[in-house]
Each structure stands twice: as structure tokens, then as C-alpha cells.
Amino acid sequence: MAYQSVVTGCGSYVPSKIMMNAEFSELIDTTDEWIIDRTGIKQRHIAAPDQFTSDLGCAAAIEALKSAGKVASDVDVIVVATTTPDNIFPSTATKIQAKLGAHNAFALDIQAVCAGFIYALAVADNFLKTGQAKTALVIGCETMSRIIDWQDRATCVLFGDGAGAVLLERQENPERGILSTRLYSDGRLYDALYADGGASQSKHGTIRMNGREVMKNAVEKLGSAIENALEAHNLTIEDIDWFVPHQANIRIIKALAEKFNIPLEKVIINVEKYANTSAASIPLALATAVTDGRLKPGQLIICEGIGGGLTWGSAVIRW
Ligand code: UT7
């Protein structure tokens, strides 16, 4: 008997306020052309002052439950990936649990920044495979706008707010499911991308990044993560229906596509609309592809992402 975690639902939410690139020209020395040329980003969504990360995550979770035909009381575990929690403690996951009314679940947060959704997926997958839970809600949600330094032109144009969620169900010998997750980290690169504050520093930090170093590492590390994932399943690029990368920069996405000879038509890209939404970016891309009809049950996909830590990882999923 082999148990696997099957994705049975998917949802997303973005706040209604859209901020276009041109609006940054009033705040800092930048242009719409520079941002599009260097990142591919055209706009991002920004949470309303009274909207918190849990609100975004909860809205995406409701959609995921609905698309799976499930209700909140069916959920056994809620795993939330976020780097912008509502409070230092308790977890944003317990807030979402209460809002949803998922009173049969236990709930926890995962902090792996932009790789957070892959990490959360791995944690939930293992709970399901070991039988500790049967139904898992995995949510990536962020209000990155709250930790941006709006004077730092090298970072403030890059991020946006949003949320995405999937529902996973433990099934016996299914034809679909999560085939594997692979997680990596290298703390020696801690200073390449970080927030310059935190609870033990008694300071609310903002994002600091060595963009070139992160970019170089992203192409190299995600490249080997893709290679490892393909090799482990004896797969070739041709076997994969969709590549679902973390949406940080179109240049990283294109560099990887070029390296592996992946036609861009097989890559889900929405960075132009949402910018980098950190842990929300991969589930937002999944929801985009499900909603527009590209991603269908039975197709084989690879998700991959990298973020502060550095942390990175991949997931191979028969959708
Ligand atoms: O989600 C986690 C993963 N994060 C990432 O993957 C981010 C990875 N890095 C990147 O996406 C890119 O490095 C950036 C988009 C952040 C920057 O692009 P770049 O091509 O690496 O530019 P750069 O940092 O080398 O800067 C080139 C120039 C600099 O000016 P000088 O020194 O050549 O005069 C910057 O000061 O561009 C300048 N610059 C800007 N100019 C106009 C930096 N930000 C801006 C800006 N507008 N917003």
C-alpha cells in the first residue's frame, strides 16, 4: 500500500489595489522601462491598511476548499508559509484556522521566505504520507508591502502582496499526487537577502538584498534542483507538462528555461501582474494556470523556488 498526497483543490486571492510601475517614479529615481527591462514586472497588488496576511491566506484557503468540494471541518492540518506573519506569535496558521472554523485541525507556520511554499508542501506531504493527517491545507500568503523600504529603489519595486492555497488529500495508490519534494538551504548566504530586524533585535526590519548575488545563486541552485528532481524520477524535460517557478524575476525564469531548453510556452509566468509575492508566488501561479485552463488533472509539473536563507527546493507533482 502506497499513500500519496493528491492535490484536490487550489485557490488564490490578491488585494484589489494595484500599484503600477509608473507610481514608483514619484517616490524614487526609477522608471517603468527599467523595472520591466530588469525584472519583467509591470504592476503589483498592495493590501489595504486594514488587511493582514491572515486575511489574504484565509480568502485563498476558502477558494481551495470550495474547489475541492470540502469544508473547513474536513481539514486535519493547516501549514502556512509566510515571512510576514500577522503577529510575532502566535502563528498566522492558528489565526487562519479560527477564521475558517477549521476546529479539527492543528496549525503551524513555516518560515522559508520565497521557498516557503515548497517547504510547507513538503511538511504537509510528510504528515499525510505518515498518516498523521488525511487532509491538509497548504497556504502561501504575504503582505510584503509591509516590510519594504520604500526608499530603496533596488528592492521596493520587486515585491507584491497575495496568497495562494492548495488542498491535499491522502489517497491510497492514486494515479496522481506529490511524487517528491526536495529541500535545500545554505546559511552561509544569510546576508544575501534578509530583513534587517526581528523580534530578538527589538526592531521591525525591512528587506535588504544583494540582487546580483541572489540572481547568480538562483540560476545555479535552481538549475541543480531541477536536475536532481528529473534524475530522481528518471524524467526528461519533454516529460514535464508545466514548469511552475517562483516568480521573482523574468530573467531568472528565462535563464533557467534556456539552460534546460524548456519552451517558454511550458512555463507558467505571472510575475508581470503580481511581482514577487514570496511564499505566495508558486500557489498563485498554480491557481492562475488552473483558472485559465492550462493546468489539468493528470499533468506532470515541477515547481521550484528560492529565497532568503538561502533556502530553495523543488516539488514534482502529478496534478
Ligand atoms: O525572491 C527571492 C529571490 N530574489 C531574487 O531573485 C532577486 C534577484 N535579483 C534581481 O532580480 C536583480 O538583481 C535586480 C532586479 C534586483 C537588479 O537587477 P540587476 O540587473 O542585477 O541590476 P544591478 O543591481 O546590477 O543594478 C544595475 C544598476 C545600478 O546602477 P549603477 O550602479 O550601474 O549606476 C543600480 O543602482 O541599476 C540601478 N538600479 C536601478 N535603476 C533604476 C537599481 N534599482 C533600480 C531601479 N531603477 N529601481
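We now turn to the structure provided with this report. (Residues numbered from 1 in each chain as written. Predicted model: local features only at pLDDT ≥ 70, side-chain atom pairs only at ≥ 80, totals over all residues. Heavy atoms only, no water.)

## Observations regarding the sheet that holds strand S4 (residues 77-81)
Pairing in this open sheet of 5 strands is mixed, and the strands run S1-S7-S6-S4-S5 from one edge to the other. Bordering the open sheet on either side are strand S1 (3-13) and strand S5 (106-110), each of which pairs with just one other strand. Averaged over neighbouring strand pairs, the angle between their axes works out to 20 degrees when direction is ignored. One ladder, built from 10 bridges, connects S1 with strand S7 (residues 161-172); its direction is antiparallel. Along S7, the bridge assignment pairs Ser 12 with Gly 164. Its contacts with the sheet put helix H2 (residues 53-68) on S1, strand S6 (135-143) and S7, and the angle it makes with S1 is roughly 120 degrees. Strands in contact with helix H9 (residues 281-291) are S1, S6 and S7; relative to S1, the strand with the most contacts, it is inclined by about 85 degrees. (Pairing = 2+ DSSP bridges. Helix = DSSP H or I, 4+ residues; strand = E, 2+ residues; numbered from the N terminus. Axes fitted to C-alpha atoms, helices over the stretch in contact; angles between N-to-C directions. Contact = heavy atoms within 4.5 Å.)

## Focus on helix H7 (residues 250-259)
Looking at H7, one finds that the buried residues are Ile 250, Ile 252, Ile 253, Leu 256 and Ala 257. For H7, the angular spread of buried residues about the axis comes to 165 degrees, placing them on one side. Close packing links the buried residues of H7 with helix H1 (32-39), helix H6 (211-232), strand S11 (242-245), helix H8 (271-274) and strand S12 (300-307). Two or three places before Arg 251, at the start of H7, stands the capping residue Asn 249, its side-chain oxygen 2.7 Å from that residue's backbone nitrogen. (Buried < 20%, exposed > 50% of the residue type's maximum accessible area, 1.4 Å probe, protein only. Arc of directions from axis to C-beta. Polar contact = N/O pair within 3.5 Å; in protein donor to acceptor, adjacent residues only side chain to side chain.)

## So, the pattern of salt bridges
Taken as a whole and assessed by the stated rule, the structure comprises 13 salt bridges. Residue Arg 208 is joined to Asp 196 by a salt bridge in which the shortest nitrogen-to-oxygen separation is 3.1 Å. Highlighted residues: Arg 208 in strand S10 (residues 207-209) and Asp 196 in the loop between strand S9 (193-195) and S10, separated in sequence by 12 residues. Relative accessible area serves as the criterion here: at 19%, Asp 196 is assigned to the buried category. (Salt bridge = Lys/Arg side-chain N within 4 Å of Asp/Glu carboxyl O.)

## Description of the environment of Ala 154
One can find Ala 154 in helix H5 (residues 153-156). Note: C-alpha distance between Ala 154 and Gln 111 (43 residues apart in sequence) is 23 Å.

## Details of the site of the ligand
Around the ligand, 23 residues are found, and the nearest of them are Thr 30, Arg 38, Arg 212, Asn 249 and Asn 276. With respect to the ligand, the side chain of Arg 212 contributes an N or O atom lying 2.4 Å from an oxygen atom. One nitrogen or oxygen atom from the side chain of Arg 251 is found 3.0 Å from an oxygen atom belonging to the ligand. About the coverage of the ligand: the protein hides 76% of its 960 Å² of free accessible area. When atom positions are compared with the pocket grids, the ligand is found to occupy the second largest pocket. (Near = heavy atom within 4 Å. Areas by Shrake-Rupley, 256 points an atom, 1.4 Å probe, with all protein chains shown as cover. 1 Å grid on protein atoms, 1.4 Å probe; cavity = no way out; pocket = protein on both sides within 12 Å on 5 of 7 lines; lining within 4 Å. Sits in = over half its atoms within 2 Å of the grid points.)

## What to know about the side chain of His 45
Its place among the elements puts His 45 in strand S3 (residues 43-46). Side-chain polar atoms of His 45 contact the backbone oxygen of Pro 15, separated by 2.6 Å. In this structure His 45 touches Val 14, Pro 15, Ser 16, Lys 17, Ile 18, Gly 160, Asp 161, Lys 273 and Tyr 274, once residues within four positions along its chain are discounted.

## Side note on the packing of aromatic side chains
Working definition: an aromatic ring pair is given by the centre-to-centre distance plus the angle between the planes. Counted by the stated rule, this structure contains 3 aromatic pairs. For the pair Phe 24 and Trp 150, a centre-to-centre distance of 6.0 Å together with 15 degrees between the ring planes defines the contact as stacked. Within this pair, whereas Phe 24 is found in the loop between strand S2 (17-20) and H1, its partner Trp 150 is found in the loop between S6 and H5, the two being separated by 126 residues in sequence. Among the residues examined, Phe 24 registers a relative accessible area of 1% and is labelled buried. When the ring of Phe 106 is compared with that of Phe 127, the centres are 5.2 Å apart and the planes differ by 90 degrees; the resulting orientation is edge-to-face. (Phe/Tyr/Trp six-rings, centres within 6.5 Å; stacked < 30°, edge-to-face > 60°.)

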